[in-house]
Amino acid sequence: MRATSDITTFDFRYVTRGNTAFGKRHGAIGAELTLDDTTVRWEQVAHTTVRGERLVIVLHAGVQLGKRSAKYLVDEAALVIQPAGLDARTLEKAIDRRASAREAELHREQLIAEGKGDQVRVVTCPVCKSTVDLSGLESSRYVYCRFCESVFGEGGRDVTDGRRYRTCDECGMFDRIQPYPEFYFYFLLVVYGFRYRQRFLCDACAHRLFLKTLAVNAIFVLGVPTSVWVKIKSMRGREPSFATLAGANALSRGGRYQDAMAAYAPLLGSHPEHPAILTNQALGHIAGKDAAGATKALSRALASCNSYLPALRLAQVRERATGRDT
């Protein structure tokens, strides 16, 4: 595998509507990021994420896209590409290292210009090696890397690898995330076929996918083995310290926050004051309509990691909702 520091050029194909587009394109990593006919300054890269063999690059507003690139823009903010001859996660790390360093550098310059140079503070993520800008923030037990979604103690201790354990796109809870097949087979007299897509889910959401696909595939039988494989995969290979997380999350999603708190207790024993587990607790209190409990759990999460974006976003959503209700 190529080292991130060795990547200067790469080939890729755009992804549109879930399919790779025809025609290989060229990219480059240097003073700026080049994607086909578009040049992006590093500070214009807002976020990246990997989904299987594909890389999603989210851009800040104002990027001038070339005519070819503009055709593949998703939701007016992102380009989805599939690297050729290069692992998507390796390319992501190369991009994140440069984008994060540039972002931190600009913030540093701003603080110095404002006479606040003493507030400059950065650390390096032990997982993806991105620069995590903590300038202006007080020290807390954990640090969150928004580039790879890892959580770690300062000094690189107590690392939760965001490449495996992060917030689920579908339910918003922290858990192990894996790719799962959603497969349906149908047969109607002389017409038969199948439908397939890959979904990235936490283990609790994978259980719901298993029930859904099993109910549909049971009619024609041939799709049942794939449904069963989803369930088996969701139950295997969990880290021992997170073994009960999916069950606790299921209780939390159902609003059974008292039962969920008891289930989260041993997890917090293994990962004291882990911001992601506390945020899951907050979601359980919200589902159970316990506003005071949600506020307490969120406060603990942010005290433990004041850079943990999922908790910050949830707090902002609740604040806006409270403002509308008053």
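Up top is the structure these notes are about.
Chains are numbered independently. Their residues run from 1 in the order of the written sequence. Totals for whole chains, interfaces and linings use all residues, but because this is a predicted model, local features are given only for residues with pLDDT of at least 70 and pairs of side-chain atoms are given and counted only at 80 or more. In computing side-chain values, all of the structure's heavy atoms are included and hydrogens and water are not.

S.K.: Sorry, what's going on with the state of the cysteines here?
M.R.: Linking two cysteines covalently via their sulfur atoms produces the bond known as a disulfide. Note on terminology: pairs of cysteine sulfur atoms within 2.5 Å are recorded as disulfides. Within the structure shown, the criterion is met by zero disulfides. Looking at the unpaired Cys145, the closest cysteine sulfur is the one in Cys128, lying at 3.7 Å. Here Cys145 falls in the buried class, since its relative accessible area comes to 0%. With no disulfide partner, Cys305 has as its closest neighbouring cysteine sulfur the one in Cys145, 11 Å distant. Only protein chains enter the accessibility calculation, which uses a 1.4 Å probe. A residue is then buried if its area is under 20% of the maximum for its type, exposed if over 50%, and partly exposed in between.

S.K.: Please explain unusual backbone geometry as it appears in this structure.
M.R.: For residues that are not glycine, phi is negative in most cases, and the peptide bond is trans in most cases. You will see that Glu149, though not glycine, has its phi angle at about 65°, which is positive. The buried category is assigned to Glu149, whose relative accessible area is 15%. Even without a glycine there, the phi angle at Glu273 is positive, about 55°. Here Glu273 falls in the partly exposed class, since its relative accessible area comes to 25%.

S.K.: Would you take a moment to explain the sheet that holds strand 14 (residues 157-160) for this structure?
M.R.: Within a sheet, each strand pairs with its neighbour through backbone hydrogen bonds, oriented either parallel or antiparallel. Only strands that DSSP links by at least two bridges are regarded as paired with each other. A run of H or I in DSSP counts as a helix once it spans at least four residues, and a run of E counts as a strand once it spans at least two, with each numbered from the N terminus. Read from one edge to the other, the open sheet built from three strands follows the order 12-13-14, with strand pairing classed as antiparallel. Among the strands making up the open sheet, the edge pair consists of strand 12 (142-144) and strand 14. Direction aside, neighbouring strands of the sheet carry axes that sit 20° apart on average. Judged from the three bridges that link them, strand 12 and strand 13 (residues 151-153) form a sheet pairing that is antiparallel. Bridged to Val143 within strand 13 is Phe152. What counts as an axis is a line fitted to C-alpha atoms, over the stretch in contact for a helix, and the angles between N-to-C directions run from 0 to 180 degrees.

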